[in-house]
Amino acid sequence: MKMLNSHLFNIDLPNEKPCAGSLLVAEPFLKESYFHHAVVCLVDYEDGEVSMGLVMNKSTDYFLSDLVGNVSREEPIPVYCGGPMSHDRLYFIHTLGDIIPGAKAIRDTGLYIGGDFDCLIDYVNAGYPVEGNVRFYLGYSGWDAGQLDAELRQNVWAVASLPDGGVLTGSDDSYWHDMVRSLGKDYRWWRYHPQNPCLN
């Protein structure tokens, strides 16, 4: 148990500074339901300022057609939980760029947030590829000024770059495990932590 504690709690986290487009990978013992084994894509971040992001990998029981009346596509389009704030709003991240007027680039990542929603629904209804290109979220994750920076100092999150294969595929625990794997060998113990280490 002593060796396990050493590896799980004393990892020298990378010093990479987050920015818009960075991924936040939750440390394995973060139990808050929205963020347990979560991977968050930062949409807005400035050092010491208010921050905003979307949890990428928390599936819900909703499909897009449950929430939007003019979706005619028969294939079910899953909706994910973006975080604990504004559950009455639907957000979307995509790779479509100028195809969706008004889309805002998330730095130079190839990802965009928002834009003309009717245009996006036309894209969906026309049968164009959604998986890997568009992902929908209920709610978002937000931090008050300085809050995220404090959490980073407390090693609540590891900061990762976007993987080459993109972030709009996969979900739930396997998504988190894949991201931990991408952080390198220093984080390998995160993948093997027991659900309740006190019972080990």
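The structure reproduced in this document is the subject of the present report. (Residues numbered from 1 in each chain as written. Predicted model: local features only at pLDDT ≥ 70, side-chain atom pairs only at ≥ 80, totals over all residues. Heavy atoms only, no water.)

A short note on the overall build of the chain
Here is step 1: The helix and strand tally for the chain stands at five helices and 10 strands.
Here is step 2: Scored against the burial criterion, the 200 residues of the chain give a buried share of 46%.
Here is step 3: Accessible area of the chain: about 10200 Å², with a carbon and sulfur share of 49%. (Helix = DSSP H or I, 4+ residues; strand = E, 2+ residues; numbered from the N terminus. Buried < 20%, exposed > 50% of the residue type's maximum accessible area, 1.4 Å probe, protein only. Areas by Shrake-Rupley, 256 points an atom, 1.4 Å probe, with all protein chains shown as cover.)

Here's the deal with unusual backbone geometry
Here is step 1: In the Ramachandran plot, serine 86 falls in the positive-phi region, its phi being about 55 degrees despite a non-glycine side chain.
Here is step 2: For serine 86, the position within the fold is in strand E6 (residues 85–94).
Here is step 3: Among the residues examined, serine 86 registers a relative accessible area of 31% and is labelled partly exposed.
Here is step 4: If you check the backbone angles, asparagine 155 has positive phi at about 60 degrees while not being a glycine.
Here is step 5: Residue position: asparagine 155 is located in the loop between helix H4 (147–153) and strand E10 (157–160).

Structural notes on the nonpolar core
Here is step 1: With 43 residues, the main nonpolar core has Leu24, Val25, Ile93 and Trp157 as its most contacted residues.
Here is step 2: Looking at this core, the elements that each hand over two or more residues are strand E1 (23–26), strand E2 (39–44), strand E3 (51–55), E6, strand E9 (134–143), H4, E10 and helix H5 (172–182).
Here is step 3: With near-sequence residues (within four places) excluded, leucine 24 lies in contact with Ala38, Val39, Val40, Leu42, Trp143, Leu148, Leu152, Trp157, Ala158 and Val159.
Here is step 4: Counting 16 residues, the second-largest nonpolar core is a separate cluster that includes Val71, Val79, Tyr123 and Val124. (Core = buried A, V, L, I, M, F, W, Y, C linked by side-chain atoms within 4.5 Å. Contact = heavy atoms within 4.5 Å.)

Quick word on the pattern of salt bridges
Pairing of side chains with opposite charge becomes possible as their charged atoms draw close.
Here is step 1: Scanning all chains against the criterion turns up six salt bridges.
Here is step 2: The salt bridge involving glutamate 75 is made with arginine 73; its shortest N-O contact spans 2.8 Å.
Here is step 3: Given a relative accessible area of 43%, glutamate 75 falls into the partly exposed group.
Here is step 4: Here the salt bridges do not stand alone but share partners, grouping Lys17, Asp47 and Asp149 into one network. (Salt bridge = Lys/Arg side-chain N within 4 Å of Asp/Glu carboxyl O.)

Observations concerning the packing of aromatic side chains
Here is step 1: With the rule as written, the count across this model stands at nine aromatic pairs.
Here is step 2: Between tyrosine 187 and tryptophan 190, the ring centres sit 5.0 Å apart and the planes meet at 90 degrees, which makes this aromatic pair edge-to-face.
Here is step 3: Assessed through its relative accessible area of 2%, tryptophan 190 is described here as buried.
Here is step 4: In this structure an aromatic cluster arises from ring pairing among Phe35, Trp143 and Trp157. (Phe/Tyr/Trp six-rings, centres within 6.5 Å; stacked < 30°, edge-to-face > 60°.)

Structural notes on the environment of tyrosine 140
Here is step 1: Along the chain, tyrosine 140 falls in strand E9.
Here is step 2: Taking the C-alpha atoms as reference points, tyrosine 140 and proline 84, 56 residues apart in sequence, are found 6.2 Å from one another.

Describing the environment of valine 40
Here is step 1: Within the element layout of this structure, valine 40 appears in strand E2.
Here is step 2: Expressed as a C-alpha distance, the spacing of valine 40 and leucine 24, which sit 16 residues apart in the sequence, is 5.0 Å.
Here is step 3: In contact with valine 40, other than residues within four places in its own chain, are Ser22, Leu23, Leu24, Phe35, Gly53, Leu54, Val55, Met56, Trp143 and Trp157.

Points about the side chain of histidine 37
Here is step 1: Residue placement: histidine 37 occurs in the loop between E1 and E2.
Here is step 2: Residue class for histidine 37 comes out buried when judged on its relative accessible area of 1%.
Here is step 3: For histidine 37, the side chain forms a polar contact with the side chain of aspartate 173, separated by 3.1 Å. (Polar contact = N/O pair within 3.5 Å; in protein donor to acceptor, adjacent residues only side chain to side chain.)

Section: H5
Here is step 1: Of the residues making up H5, those classed as buried are Tyr175, Trp176, Met179 and Val180. Mapping the buried residues of H5 onto a view down its axis gives an arc of 135 degrees, with all of them on the same face.
Here is step 2: Where H5 is buried, its residues contact E1, E2, E9 and E10.
Here is step 3: Looking one or two places after H5, you find glycine 184, whose phi comes out positive at around 105 degrees. (Arc of directions from axis to C-beta.)

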